[in-house]
Amino acid sequence: MADTDYKSTLNLPDTPFPMRGDLAKREPAWIAQWRERKLYERIRQHSAGRPKFILHDGPPYANNDIHVGHAVNKILKDIVVKSKTLAGFDAPYVPGWDCHGLPIEHMIEKKHGRNLEPNKARQLCRDYASEQIERQKADFQRLGILGDWDNPYKTMNFQTEADEIRALGKVWKQGLLYRGLKPVNWCIDCHSALAEAEVEYEDKNSTAIDVGYRVVDAVALTRIFAVADTRTPAFAVIWTTTPWTLPGSQAVSVHPEFTYALVDTPRGCLILAADLVEACLKRYELTGTVLATAPGKALDRLALQHPFYSRQVPIICGDHVTAEATGLVHTAPAHGAEDFDAGKAYDLPLDQPVGDDGRYISSVELFAGVNVRDADKPILALLEQNGVLIKSAPLRHSYPHCWRHKTPIIFRATTQWFIGMDRKGIGAKTLRESARQAIADTTFYPSWGRARLSAMIEGRPDWTLSRQRNWGVPLTFFLHKETNEPHPDTEALVEAAARKVEQGGIEAWFAAGAEDFGVDGSVYRKLTDTVDVWFDSGTTHFSVLRRLANGHHEQGHPADLYLEGSDQHRGWFQSSLLTGCAMDGRAPYKALLTHGFTVDGQGRKMSKSLGNVIAPQKVSDTLGAEIIRLWVGSTDYSGELSISDEILKRVVESYRRIRNTLRFLLANTADFDPAKDLLPPDQWLEIDRYALAMTRQMADACQADYERFEFHFVSQKLQAFCSEDLGGFYLDILKDRLYTCGKSSKPRRAAQSALHHITQVLLRLMAPILSFTAEEAWATLHPGAEESIFFHTWTDVLPAQPDESAMCAKWSRIREIRAAIQKRLEALRTAGGIGSSLQGEVIITANQADAALLRSLGADLRFVTITSSATVKEGATLEVEAVASAHPKCARCWHYRADVGSHAEHPHICGRCVDNLDPAGAGESRQHA
RNA sequence: UGUCGGAUAGCUCAGCGGGAGAGCACCCGGUUGAUAACCGGGAGGUCACGCGUUCAAAUCGCGUUCCGACGACCA
């Protein structure tokens, strides 16, 4: 036989599983196949009857295409659901969408104008939301997210709208809902009140002004300050950054405990907080002398002249006044929460000078029709003209903005519906108290989420629930036209409204008249307000989770997990908590998991102007969705998630390693039929059993990582396992046995048995993250079958071995010694002594224990070291001698052996190859490696 | 301005009181029977900075800087 012919006698790897994934091109076909074969439904069937794990989807808002943040969120959810499925749970996933609310209504207004007939507007909103949902849905599915995509929940489904009305009824029944007049966050562009969750702080340029309110009663002033006379007019000086609130000014507040000074200046006598006199005078560029001081409470009710109206306003006392600026605060009850409270205490008029559109109403002298945004200039001019503008200066400060419009909001007193935080509800506890308890009963991943949510609940004001908009679920109440009291049959009427909405959607409520509910329309009026859209998603635990087996879904309540970005502590986590506590006295979730936001490689936010935006659609189309999945799965999401082209490139490299390891496993078990060829571990070689032990430990650790939702540890472990334990050790050593031993020989079948188990475990462990690849490999293992990795669990795969820990200890030491050997061989190689390590022979000197360890491997030691000969000597310290073999190279197994040529029939191969080639013989015998 | 979180190799991340690590990238070499793969070796970090506690600190404490989240600054 010629040298080259021996190659055909080897068992070389063979598999259709390609080395390159070609992911971007092939993934869509997988997704199509999953849909056709109804993979999600079939997983449901396979997991029927198992304990449930309910991840309740936080609904993304049905507007705009998805960005990386969406991708991160959905992929994390998908990893959770899939890992729970593999862990032996029945873990359904029903994606949802948040459909009502201003942003959509605004889009429609932009497109079709503001004066649409309300029902027409609602129809357009509905259609628009549906379109957006379809776009987002396609992108989510493209990421490999498995779920009930044909039956998602939408907050605009009639059923869901109706159930939200029922939820509202429940909150009302608990006595937590009330109607009240008070200043709320108001967005001029929205024409609507905003909830806390819709307000964000941004820097704004304002004009900060110091305004003098002339003291009307000079006699009273001299009495208060115990001075003889103030020859000049006296002014109480206030400082404000919102000149537009001055038309609403009804008082000037001082702190009762502060000391105030009467300061004689060229501008007249100024009343300022004593501690701030110096700073103020400097700011005003004035000189002055303090004539006298008096406590704030002595100024109480001193009459002042409004800076440009004829009315007089009093000085009042309030603890909200701080020792800043002048120490006096102008007070407009319609424009601030504290002002409102102070106004209430002093029975001040609650005039509302600003209308819905942000313009002063017609009764406002001098400024009727002026938008508050344009009011600074005329007001300043007027103050100047009246000689009461003491100072004005631009100021850049942080100011509340509408989170949708990014425009500054105003405070404006309006009549709204609120959910009271401190009203007694279930169990005679206030909502705040229930929420506090519910937070204590919730598990947080990571743990600091608890402190964050608590702090928010402690500090938050009542929930402003009503909106004066069209595209939202209505507050289905009837109020008495004179008393504004709700109808006595409110509970029944809410249910009647819910039924109507169940049939015809929210449109049905708006279309109906009071008489349609048997209510006397001459006495009661039907509300047309809608609820804050946060109430929609905040009640999905009721409208979606509670709807057991009624719709397409059978879900559970409370949910096991809510998983959202950290912004949802003030959003969905909180709105759901409050409605849960209001309705059930508990949170609708058992645990909360939160992830950070996505930033670029330098830690900067993604923005179009920076050009650092990474679109998930683009990554899917170039590198493949699998790469985004692996990126998510290998990032610590508790902080920020960095993504950039370079980072993605690294992820691709890391993916290749795992994929190729898989390919090797598949290629070397292609001829292996576990039904016929699988050997039990006690018939394996020692190193195979060690490989099994390693795999088991790795699997245990990964499963624990999944359990704690720490997926990046899983990715890290899989990567390290493939590289170090398999590629760099076990598989490298195994090649000789797999290739050169008889195809069906016991040593080879033992190796394949181990590889079979490793493959099974590896695929299960990677499947939640690398779903496309795991399914592709699974299909390779089960050609033509209606199979899926997700029909299986990872709980019962690996046989346990009794001596695992001893075995691992032993082989760890062997690997350490092996590293020393490789170092020595490398030196020999660099010196030109050898090329391949098989060209080398090693003599290992080791202490007694190590020597015993190595000798226990017998003749198989040379296979572990991948040399042609390895012998052991006992000595004091570990030393390795490596030399080039003097023997000829076996043409078949490439080992350099003395017995090459000793068989006449096979003059170019070694003894064991001769044995392995003998069809009648037993083949070579191996015990250890 | 407050609270919390983070700062370890080019990248992603471990380590959390006693040797500074892994994977990927990089350099060198081997192999050509995992081959647009695989194996070996190497280089690369004053573990943000400073001060403390300790026999010993990346690891504990305090402070500083930077980054981030969340509050507040609404009058």
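Residues numbered from 1 in each chain as written. Chains lettered and ligands numbered in written order. Predicted model: local features only at pLDDT ≥ 70, side-chain atom pairs only at ≥ 80, totals over all residues. Heavy atoms only, no water.

## Considerations on the overall build of chain A
In plain terms, the rule: What counts as a helix is a DSSP run of H or I of at least four residues, what counts as a strand is a run of E of at least two, and both are numbered from the N terminus. As a reference, a globule follows 2.2 Å times the number of residues to the power 0.38, and the radius of gyration itself is taken over C-alpha atoms. Only protein chains enter the accessibility calculation, which uses a 1.4 Å probe; a residue whose area is less than 20% of its type maximum is buried, one above 50% is exposed, and one in between is partly exposed. Only heavy atoms matter for contacts: two residues are in contact if any of them lie within 4.5 Å across the pair. The method behind every accessible area is Shrake-Rupley, applied with a 1.4 Å probe, and residues are considered shielded solely by the protein chains displayed. As used throughout, the charge tally considers Lys and Arg to be positive and Asp and Glu to be negative, leaving His and the chain termini uncounted. By convention, the point assigned to a charge is CZ for Arg, NZ for Lys, CD for Glu and CG for Asp.
Broken down by element type, chain A carries 29 helices and 29 strands. In summary, chain A has a C-alpha radius of gyration of 38 Å against a globular reference of 30 Å for 929 residues, an excess of more than 25%. Projected onto its principal axes, the C-alpha coordinates of chain A cover approximately 130 × 70 × 50 Å. Taking all 929 residues of chain A together, the buried fraction comes to 57%. For chain A, the share of sequence-separated contacts (at least 6 apart) that also reach a separation of at least 24 residues comes to 78%. For chain A, the exposed surface amounts to about 37700 Å²; the carbon and sulfur share of it is 50%. Side chains of chain A give 107 positive and 117 negative charges; the mean places of these two sets differ by 2 Å.

## Examining the pairing of strand β16 (residues 410–419)
The condition that has to hold: One bridge is not enough; two strands pair if DSSP finds at least two bridges between them.
The buried count for β16 comes to 8 of 10 residues, which makes it a mostly enclosed element. In this sheet, β16 lies alongside strand β4 (residues 177–187) in antiparallel orientation, the contact comprising 10 bridges. Bridged to P183 within β16 is A413. Bridge count for β16 against strand β18 (residues 463–464) is 2 bridges, and the pairing is antiparallel. Each bridged residue has a counterpart across the sheet, and for F418 the counterpart in β18 is T464.

## Some words on the sheet that holds strand β29 (residues 879–884)
Formally: Convention adopted: a line fitted to C-alpha atoms gives each axis, helices being fitted over their contacting stretch, and angles between N-to-C directions are expressed from 0 to 180 degrees.
Taken in spatial order, the 3 strands line up as β28-β27-β29 in an open sheet, and their pairing is mixed. Of all the strands in the sheet, the pair left with one neighbour each is β28 (869–874) and β29. Going across the sheet, the axis of each strand differs from the next one's by a mean of 15°, ignoring polarity. Across 6 bridges, the pairing between strand β27 (residues 840–846) and β29 is antiparallel.

## Focus on the state of the cysteines
Inclusion rule: For this text, the term disulfide refers to a pair of cysteine sulfurs within 2.5 Å.
Inspection of every chain in the model, using the stated rule, returns 0 disulfides. The structure places no disulfide on C893, whose sulfur is separated from the nearest cysteine sulfur, that of C890, by 3.7 Å. Residue classification places C893 among the buried positions, given a relative accessible area of 6%.

## Quick notes on the pattern of salt bridges
For clarity, the threshold we go by: Definition used for salt bridges: Asp or Glu carboxyl oxygen within 4 Å of a side-chain nitrogen of Lys or Arg.
The final tally for this structure, using the stated rule, is 59 salt bridges. Notably, a salt bridge pairs D189 with R373, separated by 3.0 Å at the nearest N-O pair. Note that D189 is positioned in the loop between β4 and β5 (192–194) and R373 in the loop between α9 (337–346) and α10 (376–386), a separation of 184 residues in sequence. Residue D189 is classed as partly exposed on the basis of its relative accessible area, which comes to 22%. A salt bridge links R749 to D677; its shortest N-O distance comes to 3.8 Å. Residue R749 is found in helix α24 (residues 746–766), and its partner D677 is found in helix α21 (residues 674–677); the two are separated by 72 residues along the sequence. The two residues R749 and D677 agree in class, both being buried.

## Things to note about the environment of K500
Tracing the sequence through the fold places K500 in helix α13 (residues 490–504). Spatially, the C-alpha atom of K500 lies 39 Å from that of P400, the residues being 100 residues apart in sequence.

## Describing the nonpolar core
What counts is decided by this rule: Definition of nonpolar core: a set of buried residues of the types Ala, Val, Leu, Ile, Met, Phe, Trp, Tyr and Cys, connected through side-chain atoms within 4.5 Å.
Within the largest apolar cluster, 195 residues are counted, with the highest numbers of intra-cluster contacts made by L577, W631 and Y730. The element contributing the most residues to this core is helix α23 (residues 711–740), with 13 residues. Formed by 70 residues, the second largest nonpolar core is a distinct cluster that contains L221, L246, C280 and A294.

## Here's the deal with the sheet that holds β5
Taken in spatial order, the 4 strands make up an open sheet running β5-β4-β16-β18, and their pairing is antiparallel. The open sheet has two free edges, formed respectively by β5 and β18, since each of these has just one partner strand.

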